[in-house]
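# Observations on the model geometry
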Amino acid sequence: MKAAVYRSFSGPIKIEDVPHPTAPASGVVIKVMATGVCRSDWHGWKGHDSDIIDHGLPFVPGHEVSGIIVEVGNDVTKFQLGDRVAVPFILSCGQCSMCSAHNRPTICEKQEQPGFSMYGSYAEYLALPRADRNLSIIPDSVSFIEAAALGCRFTTAFRAVVQKVELHHTRLWLSLDAEDWVYLAS
C-alpha cells in the first residue's frame, strides 16, 4: 500500500510502498477516506514528540481520520465490514486508573495515538486497536471529511470543558452548520 513516510526528523516526506496492516484482535483496519493535517503532525515531523521518537523512524504521520472498515479483529463486537467510522485522537484503554476510576480517557495512562505511538493516517489503510471502545459510526448525514475533522479538535475541546473546567452537572448542546465547523476548527 502507499503511505506518506519520513525517514528523518524535518526530512522529506515521500510516498512509499509499505506493508499492508492487519487488524489486531481488539481492532480493525480501515480504508482511509479522509485525513487532516494538524500542527501536531508538524511537531511530530520536527522530532518534538517523544512517542514518535520512542516508536522510531521511518514513520507515517496523521491522526485526524475517518474511513471504512475493511478488516475486523476476532475480539471486536460492535463493528463489521463496511462500517463508516470516525477515529478519536486518543485510543484509550478503559482499564487504567485515569480511564476507569477517574473517567478521564483523554489522559489514559496506556493510550495509543495514530500518527504518534503508531503509524498514522497518511496512508491508504490504517490498523486501529481498541475499536469497540474508541471508534464511532459516522451517520450518513456526516461526510468523511467532516468526521475526520472531529477527532482531534473535539478531543481537545472535550478535555478542556469536561476535565479541566469539570463541567459535570451541566449539559451543553450545540447545533452547528458547515460554517460553524470551519470556525471552530480554525
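Residues numbered from 1 in each chain as written. Predicted model: local features only at pLDDT ≥ 70, side-chain atom pairs only at ≥ 80, totals over all residues. Heavy atoms only, no water.

Now for the pattern of salt bridges. Scanning the entire structure with this criterion turns up three salt bridges. Linking Asp17 and Lys2 is a salt bridge whose minimum nitrogen-to-oxygen distance equals 3.0 Å. Of the two residues, Asp17 sits in strand 2 (residues 13-17) while Lys2 sits in strand 1 (residues 2-6), which places them 15 residues apart along the sequence. Relative accessible area serves as the criterion here: at 59%, Asp17 is assigned to the exposed category. Given a relative accessible area of 42%, Lys2 falls into the partly exposed group. Where Asp140 meets Arg84, a salt bridge forms, and the shortest distance between an N and an O atom there is 3.6 Å. Linking Asp140 in the loop between strand 7 (136-137) and helix 5 (144-164) with Arg84 in strand 5 (residues 84-87), this pair joins segments that are 56 residues apart in sequence. (Salt bridge = Lys/Arg side-chain N within 4 Å of Asp/Glu carboxyl O. Helix = DSSP H or I, 4+ residues; strand = E, 2+ residues; numbered from the N terminus. Buried < 20%, exposed > 50% of the residue type's maximum accessible area, 1.4 Å probe, protein only.)

Ranked by size, the top nonpolar core spans 15 residues in total, and within it Val28, Ile30, Phe79, Val87, Leu128 and Leu135 carry the most contacts. Counting residues per element, the ones that place at least two in this core are strand 3 (28-35), strand 4 (65-72), strand 5 and strand 6 (125-128). Top contributing element to this core by residue count: strand 3, with three residues. Beyond its immediate chain neighbours, meaning those up to four positions away, Val87 contacts Ile30, Val65, Pro114, Leu128, Leu135 and Gly151. Counting eight residues, the second-largest nonpolar core is a separate cluster that includes Met1, Val5, Val18 and Ala123. (Core = buried A, V, L, I, M, F, W, Y, C linked by side-chain atoms within 4.5 Å. Contact = heavy atoms within 4.5 Å.)

A few words on the state of the cysteines. The final tally for this structure, using the stated rule, is zero disulfides. Cys96 carries a free sulfur, and the closest cysteine sulfur to it, the one in Cys99, is 3.8 Å from it. (Disulfide = S-S within 2.5 Å.)

It is worth spelling out the confidence of the model for the protein chain at this point. Averaged over all residues, the pLDDT of the protein chain is 86; the fraction at 70 or higher stands at 81%. Contacts of residues 172-186 to residues separated by more than four positions or lying in other chains number seven contacts, the stretch itself having pLDDT below 50. (pLDDT = per-residue confidence, 0-100.)

Attention shifts here to the side chain of Asp41. One can find Asp41 in helix 1 (residues 39-46). Residue classification places Asp41 among the buried residues on the basis of a relative accessible area of 7%. Only 2.9 Å separates the side chain of Asp41 from the side chain of His63, close enough to count as a polar contact. Apart from the residues lying within four places of it in its own chain, the contact partners of Asp41 are Gly36, Gly62, His63, Phe116 and Tyr122. (Polar contact = N/O pair within 3.5 Å; in protein donor to acceptor, adjacent residues only side chain to side chain.)

Attention now moves to unusual backbone geometry. A cis geometry characterises the amide bond from Leu57 onward to Pro58, with omega recorded as 0°. Assignment of secondary structure puts Pro58 in the loop between helix 2 (50-55) and strand 4. Of note in this structure, Arg130 is not a glycine but carries a positive phi near 60°. As for its position among the elements, Arg130 is in the loop between strand 6 and helix 4 (131-134).

We now examine the packing of aromatic side chains. A full pass over the atoms with the stated rule returns four aromatic pairs. Measuring from centroid to centroid gives 5.6 Å for Phe89 and Phe116, while their planes differ by 85°, and the two rings are edge-to-face. Taken together, the residues span a long stretch of sequence, with Phe89 in the loop between strand 5 and helix 3 (97-100) and Phe116 in the loop between helix 3 and strand 6 at a distance of 27 residues. Residue Phe89 shares its accessibility class with Phe116, and that shared class is buried. Here the aromatic cluster, defined as three or more aromatic residues joined through ring pairs, consists of Tyr6, Phe9, Phe59 and Tyr119. The ring of Trp42 carries the charged tip of Arg39 above its face, separated from the ring centre by 5.1 Å. A cation over a ring is seen here: Arg84 above Phe144, with NZ or CZ 4.5 Å from the ring centre. (Phe/Tyr/Trp six-rings, centres within 6.5 Å; stacked < 30°, edge-to-face > 60°. Lys NZ or Arg CZ within 6 Å of the ring centre and 35° of its normal.)

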